[in-house]
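Chain by chain, the residues run as shown.
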Amino acid sequence: MAKYVIGSAWPYVQSVPHLGNMIGSVLSADVYARYLRSKGHDVVFVSGSDMHGTPIEVEALALGVDPADYARRMHEIVSELFKRWNISFDLYTNTHSDTHIKFTQEFFMKIYENKYIFTREDEMPYCPRDKIFLPDRFIIGVCPYCGYERARGDQCERCGRLLEPRLLKSPRCAICGATPEWRKTTHWYLDLRKLEEPVRKYVESNKYLPQNAREMSLGILREGLRPRAVTRDNKWGIPAPFPGAEGKTIYVWFEAVLGYISAVKEYYERRGQPEKWKEYWLDPETKVVFFVGKDNIPFHVIILPALILANGGGYTMPTTTASTEYLNYEGDKFSKSRRWGIWIDEALRLLPVDYWRFLLVYMRPENRDVDFTWAAALDVINKVLNDDVGNFFHRVLSFIKSRAGGAVPRPGPQASEDEAFIKRVLSLVESAEAHYEAVELREALMDGVEITREGNRYLNARAPWQLVKERPEEAGTVLYNAYWAVKAAAVVLYPVMPSSIEELWRMMGLGGPITWQEARRAPEPGAQLGDVRPLFKKVSQEEYKAMMQELEKMRNERWSKKYPWEQVVL
């Protein structure tokens with residue numbers, strides 16, 4: 001049994017996450033954490049709301065509310081939505097918790113004492129119209145590397161390069177569009193030049209990093225790391241602890257990534273074991289795995305390891321950062337301002353949560369950007385989830401219920417085709433296990449689907465409805481094998497669709513937890529089935545049209561509300 005810390009990227013609670021955010025981090029992390037638990041590993045799965053920074057501060061100011069109240073309200077809503085999506089966090093906290101604030105300040109003071117932080121008077125962008133210093137993300141301009149016209153001052157969304165506001169061509173304030181002025185202010189900088197070689201060694205020697213994370217990080221390192229300011233002139237944030245830094249706050253990107261450590265600390269503090277977090281974060285044998293979208297790669301693969309190295313406190317270096325490509329929506333990027341996409345609150349009004357979980361893992365952009373379209377989504381629900389998976393489950397259990405006395409038959413002698421079928425099922429279980437271990441979640445899902453397809457082909461070939469009349473013992477063997485395949489597919493698909501598989505488990509008359517070893521364990525003859533019903537159903541074109549009408553109605557209602565927390569569909 002191994003120890004794992006699983007972390008999903010901390011969502012910024014200015015708004016509710018959309019489907020792309022969900023599969024890029026939170027849902028993927030949940031699927032992986034559930035798989036690890038089914039294998040018996042010791043897992044702590046954490047994340048939290050990113051509460052600080054200028055976007056919330058500016059929007060709260062515009063709405064006439066306190067930023068802390070704004071962030072708290074949205075945190076509570078996002079936390080509730082994750083529960084409704086069956087995300088199995090051990091702790092979902094936020095960056096304004098007492099534990100996180102104290103931990104962040106102490107962590108950065110240690111870096112300061114280790115002489116990795118220096119002060120520099122610098123000219124920073126200032127908006128003369130809004131009368132505030134502008135954080136990097138609040139300056140938009142043309143990327144000097146790829147020419148993207150809406151690159152942010154900290155990073156270009158198109159090419160992924162880390163940027164600084166001065167590098168942008170034609171910069172403008174993201175709030176009002178005014179051309180920023182450059183005014184002098186003092187900031188505290190992390191000297192990444194001193195950390196470049198150990199970070200490079202970490203990236204180059206890490207055999208677990210996915211290709212996109214490795215290539216992007218090595219590209220950044222080839223250009224050379226430069227000092228980056230860890231303080232901002234924001235009011236809403238964690239006060240910087242450095243001598244003379246009164247009125248400054250820690251830059252949100254630098255403090256949020258420390259949440260993976262502080263959240264485990266807080267989790268065990270709440271359990272009355274305030275020192276136990278060290279057994280995870282101070283043990284080099286612990287496997288630390290993050291789940292992020294590709295735009296978050298630099299902060300997880302370069303910045304966080306650099307902070308850990310600069311702190312020198314013996315913290316475990318991340319094992320890997322499982323980074324997806326982008327999920328787009330009907331040919332374009334998700335956009336709140338253009339109302340383009342589906343958000344996780346709306347989604348639950350349209351389809352059951354396990355339909356969404358299955359869909360998103362099926363479409364997970366593991367190696368390339370993927371386009372979510374409703375045509376493809378309905379195809380997956382109707383042909384894969386219902387016809388392949390659901391149909392096989394129901395065929396087997398309903399036949400046992402109606403034609404075998406409602407109990408798992410005792411198998412007789414196995415014919416060669418029966419033995420070949422079980423061998424194939426177990427090989428797919430082994431394949432799914434390898435894919436889960438490699439964080440290839442879509443491929444693991446496809447192995448589970450393939451078990452049900454093999455099962456449907458097996459039933460069609462062996463025709464137990466005929467055998468039961470002529471050779472009932474042979475029919476019992478076929479049904480026993482088919483039941484085993486149902487059990488194996490259920491175990492493989494459980495991390496993706498926990499609620500549906502738990503219901504299936506009850507239908508199968510099985511008790512106890514759904515563990516990975518159950519996929520390989522031969523069923524016990526005589527187990528009494530529970531009530532059997534179809535788990536899934538098709539979505540007709542009429543139902544789809546009704547869903548789109550419901551979506552439009554929700555949108556009209558939500559955008560008529562003033563405050564973001566009023567706009568959420570709960």
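Quick note: structure is the one above.
As a convention, each chain's residues are numbered from 1 in the sequence order in which they are written. Where totals are concerned, whole chains, interfaces and linings use all residues; where local detail is concerned, this predicted model gives features only for residues with pLDDT of at least 70, and gives and counts side-chain atom pairs only at 80 or more. Values reported for side chains reflect all heavy atoms of the structure, with hydrogen atoms and water molecules removed beforehand.

A. How the structure looks around the overall build of the protein. The helix and strand inventory of the protein stands at 21 helices and 16 strands. The globule rule is 2.2 Å times the number of residues to the power 0.38, and the radius of gyration it is compared with is taken over C-alpha atoms. Rg of the C-alpha trace for the protein: 26 Å, near the compact-globule value of 25 Å for 570 residues, within the 12% margin. The dimensions of the protein, computed from C-alpha atoms along their principal axes, are 90 × 50 × 45 Å. For the protein, with 570 residues in total, the buried portion stands at 59%. Contacts between residues were defined by any pair of non-hydrogen atoms, one from each residue, lying within 4.5 Å. Expressed as a percentage of contacts within the protein between residues at least 6 apart in sequence, the contacts between residues at least 24 apart total 76%. Note on areas: these come from Shrake-Rupley sampling with a 1.4 Å probe, and a residue is covered only by the protein chains present in the view. Counting only carbon and sulfur atoms, one obtains 48% of the accessible surface of the protein, whose full area is about 23,100 Å². Working definition: helices are DSSP H or I runs of at least four residues, strands are E runs of at least two. Numbering for both runs from the N terminus. Buried means the residue's accessible area, taken with a 1.4 Å probe over protein chains only, is under 20% of the maximum for its type, while exposed means over 50%, and partly exposed covers the values in between.

B. View of the sheet that holds strand β6 (residues 139-142). Pairs of strands are assigned from DSSP output, requiring at least two bridges between the strands. In space, the three strands of this open sheet follow the order β7-β6-β8, with antiparallel pairing throughout. For this open sheet the edge positions go to β7 (151-152) and β8 (169-173), each flanked by a neighbour on one side alone. Across three bridges, β6 lies against β8 in antiparallel orientation. Bridge pairing in β8 links I140 to R172.

C. Representation of the pairing of strand β13 (residues 287-293) in the model. In terms of burial, β13 is a largely internal element, six of the seven residues being buried. Pairing of strand β1 (residues 3-8) with β13, which is carried by five bridges, proceeds in the parallel orientation. For I6, the partnering residue across the bridge sits in β13 and is V289. Pairing between β13 and strand β14 (residues 320-324): five bridges, direction parallel.

D. Examining the nonpolar core more closely. Within the largest apolar cluster, 126 residues are counted, with the highest numbers of intra-cluster contacts made by I6, L19, W85, W356, W374 and F393. What F393 contacts, discounting residues up to four positions off in sequence, is T452, V486, A489, A490, L493, I501, L504 and L535. Throughout, nonpolar core names a set of buried Ala, Val, Leu, Ile, Met, Phe, Trp, Tyr and Cys residues whose side chains join them through atoms within 4.5 Å. Core analysis: the second largest hydrophobic core is formed by 61 residues, A9, Y202, W277 and A306 among them.

E. How the structure looks around the packing of helix α17 (residues 472-493) against helix α18 (residues 498-507). Interaxial distance between α17 and α18 falls to 9 Å at its minimum, and their mutual angle equals 155 degrees. Taken together, α17 and α18 sit at an angle that is classed as roughly antiparallel. Every pair of crossing elements has a handedness; the one defined by α17 and α18 is left-handed. Contacts between α17 and α18 involve V486, K487, A490, V491 and L493 on the former and, on the latter, I501, L504 and W505. Three classes are used: nonpolar for Ala, Val, Leu, Ile, Met, Phe, Trp, Tyr, Cys and Pro, charged for Asp, Glu, Lys and Arg, and polar for all others, with Gly counted as polar. Among the residues forming the contact of α17 with α18, the class breakdown is seven nonpolar, no polar and one charged. Working convention: axes come from line fits to C-alpha atoms, limited for helices to the stretch in contact. Angles between N-to-C directions cover 0 to 180 degrees. Any angle that is under 35 degrees is reported as roughly parallel, and any over 145 degrees as roughly antiparallel; angles of 65 to 115 degrees are reported as roughly perpendicular and all others as oblique. Left-handed is the label given to a crossing in which the near helix is rotated counterclockwise from the far helix by less than a right angle, and right-handed is the label when the rotation is clockwise.

F. Examining the side chain of S88 more closely. Mapping S88 onto the fold places it in the loop between α3 (67-84) and β3 (91-94). Its relative accessible area of 16% is what places S88 among the buried residues. Any N or O atom pair separated by 3.5 Å or less is treated as a polar contact, with the protein-specific requirement of one donor-capable and one acceptor-capable atom, and with residues adjacent in sequence counted only for side-chain atom pairs. In this structure the side chain of S88 is engaged in a polar contact, spanning 2.6 Å, whose partner is the side chain of D30. Of the polar contacts made by the side chain of S88, one reaches the side chain of R37; its length is 2.8 Å. Those residues in contact with S88, other than ones at most four positions away along the chain, are D30, R34, R37 and F45.

G. Fine view of helix α1 (residues 19-38). The largest bend in α1 is about 40 degrees, located at L27. Judged by how many residues are buried, α1 sits mostly within the fold: 18 of 20 residues are covered. Of the residues one or two after α1, G40 is the one with positive phi, at around 90 degrees. Note that the bend at a residue is defined as the angle between axes fitted to the seven residues ending at it and the seven residues starting at it.

H. Looking closely at α18. Those residues of α18 that fall on the buried side of the exposure criterion are P498, S500, I501, L504, W505 and M507. Lining the buried residues of α18 we find α1, α12 (353-362), α13 (374-403), α17 and α19 (517-520). Positive backbone phi, at 75 degrees, marks G509, one or two positions downstream of α18.

I. Focus on the environment of S416. Topologically, S416 is positioned in helix α14 (residues 416-437). Classification of S416 as exposed rests on a relative accessible area of 55%. Between the C-alpha atom of S416 and that of E454, which follows or precedes it by 38 residues, the distance is 15 Å. In this structure the side chain of S416 is engaged in a polar contact, spanning 3.3 Å, whose partner is the side chain of E417.

J. Representation of the pattern of salt bridges within the structure. Only one rule defines a salt bridge in this text: a Lys or Arg side-chain nitrogen within 4 Å of an Asp or Glu carboxyl oxygen. For the structure on display, the rule yields 50 salt bridges. The residue R453 makes a salt bridge to E450 at a minimum N-O spacing of 3.8 Å. Note that R453 and E450 are positioned in helix α15 (residues 441-462) at a spacing of three residues, about one turn of the helix. We classify R453 as partly exposed; its relative accessible area is 23%. Residue classification places E450 among the buried positions, given a relative accessible area of 19%. The closest approach of N and O atoms between R462 and E474, which form a salt bridge, is 2.9 Å. Here R462, found in helix α15, pairs with E474, found in helix α17; they are 12 residues apart in sequence, far enough to count as distant. Within this structure, D388, R424, E450, R453, E454 and R457 form a network of salt bridges that share partners.

K. Structural detail: the side chain of D354. Here D354 is to be found in helix α12. Within the local environment of D354, its side chain forms a polar contact with the backbone nitrogen of S500, the two atoms lying 2.7 Å apart. Ignoring sequence-local partners within four residues, the contact set of D354 consists of V496, M497, P498, S499 and S500.

L. Highlighting the sheet that holds β14. A sheet is described by the order of its strands in space; here five strands give the open sequence β3-β2-β1-β13-β14, paired in parallel fashion. Edge positions in the open sheet fall to β3 and β14, since each of these has one partner strand only. Across the sheet, the mean angle from the axis of one strand to that of its neighbour is 20 degrees, orientation sign disregarded.

Purely geometric numbers; function is a separate question.
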